[in-house]
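# Per-entry structural report
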Amino acid sequence: MFISSRILPFLSRNTHVLRHSARCLSSESKPAPWPRKVFSGVQPTGALHIGNYLGAVKRWVELQEAGEDVTYCIVDLHSMTIPPEPETLRHNTLQMTATLLACGIDPARATLFLQSAVPQHVELSWILGCLTTMARLTHLPQYKEKSANMKEIPLGLYLYPVLQAADIMLYKATHVPVGEDQIQQLQLAQSLARAFNNKYGRTFPFCETLVNDGSRLKSLRDPSKKMSKSDPDPKSCIMLIDSPDIVLEKVKKSVTDFKSEVSFNPEERPGVSNLITIHSLVSGKTPDEICREVEGKNTGQYKLIVADALIEHLRPIRERMERYTQDVGFLASVIEEGSERARTIAEQTIDEVKQKIGVDCFNVGRLRRNVRHENKY
């Protein structure tokens, strides 16, 4: 490269100006970071069990208490992959609202809303569905798992992950708390955000996972399986609405092994280790601390200790649930106010998306401006 001798004096006198300009160009080329936002959802499928609470909802409350920007959704549309009875769905939605409030979700510090009250979820889901493929959806683990025993697979089950991605992206969430078994589901949202941004420009953040600590609770009756309320044995899981007597009975009937001492070894002693994990999560103590405290006690005696700790931890939650469920008007107002806040954000996002993909022709003024701009060239 050759520089004219007449330009050299100018460069020497204005080096600081050029350096400043270079710094400005460099900073402008880097997009501003996305504001940190947390999003998660839960289906209104009846009462929660302690695995749902300790593994997810308790974490939601902790994020709220830490001052995070949190949005939590009761995803009633997701629960329709196997259509429920209308009255059952209405009851479960109110019960889930009461449960989340009782567990500590504060509508003043978190946006708590109903998915079906924000139609933009379905609208964005269709747009995103046009950016993915059938092959990608059929390979997702949730689809494989739920469709394995079905003769006729409903379309909703097939499209479920796309709607899930829309839930996240509609609020431009940057972080999603999930369990280790849900990481693959989130990868579709990440893939769709990248695909949309590549085609239409920077619109959605790349959402990251906030993985729980990995302490997935196991069935009390078969510690080789995870705790689930769909288990045919009602003693396999403890529900938040269970009375103290029922909690005590279920813990006493939990399967352990033939060794009497209490030790934490999930691989070799899954039953006892599961009880220690429950005890640890409700007490805040580590498994090692618990084992030292109960040294000399057998597993039968330890079960009573676990039951007492669990009963005392759940008591205020159960009492608040009973109080909230008796005030349907209050629950409805919480959902209505939260859904209104969610709609405000969702409308902004969907308007931006429509403008970028070119389906905003309802805005005649913008359409005319675009046509005039194109006619200039």
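Residues numbered from 1 in each chain as written. Predicted model: local features only at pLDDT ≥ 70, side-chain atom pairs only at ≥ 80, totals over all residues. Heavy atoms only, no water.

### Details of the overall build of the chain
Condition: Secondary structure elements follow DSSP: runs of H or I of four or more residues count as helices, runs of E of two or more count as strands, with numbering from the N terminus. Only protein chains enter the area calculation, which uses a 1.4 Å probe; residues under 20% of their type maximum are buried, those over 50% are exposed, and those in between are partly exposed. For every accessible area listed, the method is Shrake-Rupley and the probe measures 1.4 Å; residues are considered covered only by the protein chains on display.
When helices and strands are tallied, the chain shows 15 helices and five strands. Evaluated residue by residue, the chain yields a buried proportion of 41% over its 377 residues. Element-wise, carbon and sulfur atoms account for 54% of the exposed surface of the chain, whose accessible area totals about 20800 Å².

### Quick look at the packing of aromatic side chains
The condition that has to hold: Centres within 6.5 Å are what make two rings of Phe, Tyr or Trp a pair, Trp counting through its six-membered ring; a difference in plane orientation under 30 degrees is then read as stacked, over 60 as edge-to-face, and the rest as tilted. By the criterion adopted, a ring carries a charge over it if an Arg CZ or a Lys NZ lies within 6 Å of its centre and within 35 degrees of its normal.
Evaluation of the coordinates by the stated rule reveals six aromatic pairs. With 5.4 Å between their ring centres and 55° between their planes, Phe 113 and Tyr 171 make a pair best called tilted. Taken together, the positions of Phe 113 in strand β3 (residues 110-114) and Tyr 171 in the loop between α8 (155-170) and β4 (175-178) put the pair 58 residues apart, joining distant regions of the chain. Residue classification places Tyr 171 among the buried residues on the basis of a relative accessible area of 3%. Linked through ring pairs, Phe 39, Phe 113 and Tyr 171 together constitute an aromatic cluster. One residue, Arg 323, lies across the ring of Tyr 324, its end atom 5.6 Å from the ring centre.

### Some details on the confidence of the model for the chain
Rule in force here: Residue-level confidence of the predictor is what pLDDT reports, using numbers from 0 through 100. Contact definition: two residues touch when any of their heavy atoms are within 4.5 Å.
Residue-level pLDDT values for the chain average 87, and 86% of them are 70 or greater. For residues 1-28, every residue scores under 50 in pLDDT, and the model assigns this stretch three contacts once sequence neighbours within four places are set aside.

### Considering the pattern of salt bridges
The test is simple: For salt bridges, the criterion is a side-chain nitrogen of Lys or Arg within 4 Å of an Asp or Glu carboxyl oxygen.
Scanning the entire structure with this criterion turns up 16 salt bridges. The salt bridge partner of Arg 109 is Glu 65, with a shortest N-O separation of 2.8 Å. Here Glu 65 lies in helix α3 (residues 50-65) and Arg 109 lies in the loop between α4 (86-103) and β3, a separation of 44 residues in the sequence. For Arg 109, a relative accessible area of 44% gives the class partly exposed. A salt bridge links Asp 233 to Arg 221; the shortest N-O distance between them is 3.2 Å. Of the two residues, Asp 233 is situated in the loop between β5 (208-211) and α10 (244-252) and Arg 221 in the loop between β5 and α10; the sequence distance between them amounts to 12 residues. Residue class for Arg 221 comes out partly exposed when judged on its relative accessible area of 32%.

### Quick notes on helix α11 (residues 270-283)
Here is the rule: An expected span of 1.5 Å times one less than the residue number is assigned to each helix.
With 14 residues, α11 should reach 20 Å at 1.5 Å per residue; the first-to-last C-alpha distance of 20 Å fits that figure. Of all the positions in α11, only Gly 271, Val 272, Ser 273, Asn 274, Leu 275, Ile 276, Thr 277, Ile 278, His 279, Ser 280, Leu 281 and Val 282 are classed as buried. Against α3, α10, α12 (287-293) and α13 (299-325) lie the buried residues of α11. Looking one or two residues beyond α11, the residue adopting positive phi is Gly 284, at roughly 85°.

### A short note on unusual backbone geometry
Even without being glycine, Lys 172 reaches a positive phi, approximately 50°. Its location among the elements puts Lys 172 in the loop between α8 and β4.

### Looking at the packing of helix α5 (residues 120-129) against α8
To keep it simple, the criterion reads: Angular values range over 0 to 180 degrees, each being the angle between N-to-C directions of two axes fitted as lines to C-alpha atoms, with helices fitted over their stretch in contact. Should the near helix be turned anticlockwise from the far one by less than a right angle, the crossing is left-handed, and should it be turned clockwise, the crossing is right-handed. Side-chain classes follow a simple rule in which Ala, Val, Leu, Ile, Met, Phe, Trp, Tyr, Cys and Pro form the nonpolar group, Asp, Glu, Lys and Arg form the charged group, and the remainder, Gly included, forms the polar group.
One can describe the packing of α5 onto α8 by two numbers: an axis separation of 8 Å at closest approach and a directional angle of 115°. When the axes of α5 and α8 are compared, the crossing they make is right-handed. Only Val 162, Leu 163, Ala 165, Ala 166, Asp 167, Met 169 and Leu 170 of α8 make contact with α5, whose side of the interface consists of Gln 120, His 121, Val 122, Leu 124, Ser 125, Leu 128 and Gly 129. Among the residues forming the contact of α5 with α8, the class breakdown is nine nonpolar, four polar and one charged.

### Let's talk about the environment of Leu 48
Along the chain, Leu 48 turns up in the loop between β1 (38-42) and α3. The class of Leu 48 is buried, set by a relative accessible area of 4%. Apart from residues lying up to four places away in sequence, Leu 48 is in contact with Val 42, Val 57, Met 96, Thr 99, Met 239 and Leu 240.

### Concerning the environment of Ile 317
Among the structural elements, Ile 317 can be located in helix α13. Each C-alpha atom of the pair Ile 317 and Leu 101 lies 9.0 Å from the other, and the pair is 216 residues apart in sequence. Setting aside residues no more than four positions away along its own chain, Ile 317 makes contact with Tyr 53, Ala 102, Cys 103 and Leu 240.

### Examining the side chain of Asn 92
Note on placement: Asn 92 falls in helix α4. Overall, Asn 92 belongs to the buried group, its relative accessible area being 13%. Asn 92 has contacts with Pro 44, Thr 45 and Gly 46, leaving out every residue within four places of it along the chain.

### Some thoughts on the nonpolar core
What counts, and what does not: Among buried residues, the Ala, Val, Leu, Ile, Met, Phe, Trp, Tyr and Cys ones that are joined through side-chain atoms within 4.5 Å form a nonpolar core.
Ile 50, Leu 100, Leu 240 and Leu 310 are the most contacted members of the largest nonpolar core, which totals 56 residues. It is α13 that contributes the most residues to this core, nine residues altogether. Other than its neighbours up to four places away in sequence, Leu 240 contacts Leu 48, His 49, Ile 50, Tyr 53, Thr 99, Cys 103, Leu 314, Ile 317, Arg 318 and Met 321. The next biggest cluster of nonpolar side chains, apart from the first, holds 33 residues, and it includes Met 169, Leu 192, Cys 207 and Ala 342.

### Description of the pairing of strand β2 (residues 70-74)
Using the following cut-off: A strand pair is defined by DSSP finding two or more bridges across the two strands. Note on handedness: a crossover is taken as right-handed if, strands pointing away from the viewer, the path from the first strand over the helix to the second is clockwise.
In terms of burial, β2 is largely enclosed, as five of its five residues are buried. Going residue by residue along β2, you find Val 70, Tyr 72 and Ile 74 tucked away on one face and Thr 71 and Cys 73 tucked away on the opposite face as well. Sheet analysis places β1 next to β2, joined by five bridges and oriented parallel. Considered in β2, the bridge of Val 42 is made with Ile 74. Note on the crossover from β1 through α3 to β2: the handedness is right-handed.

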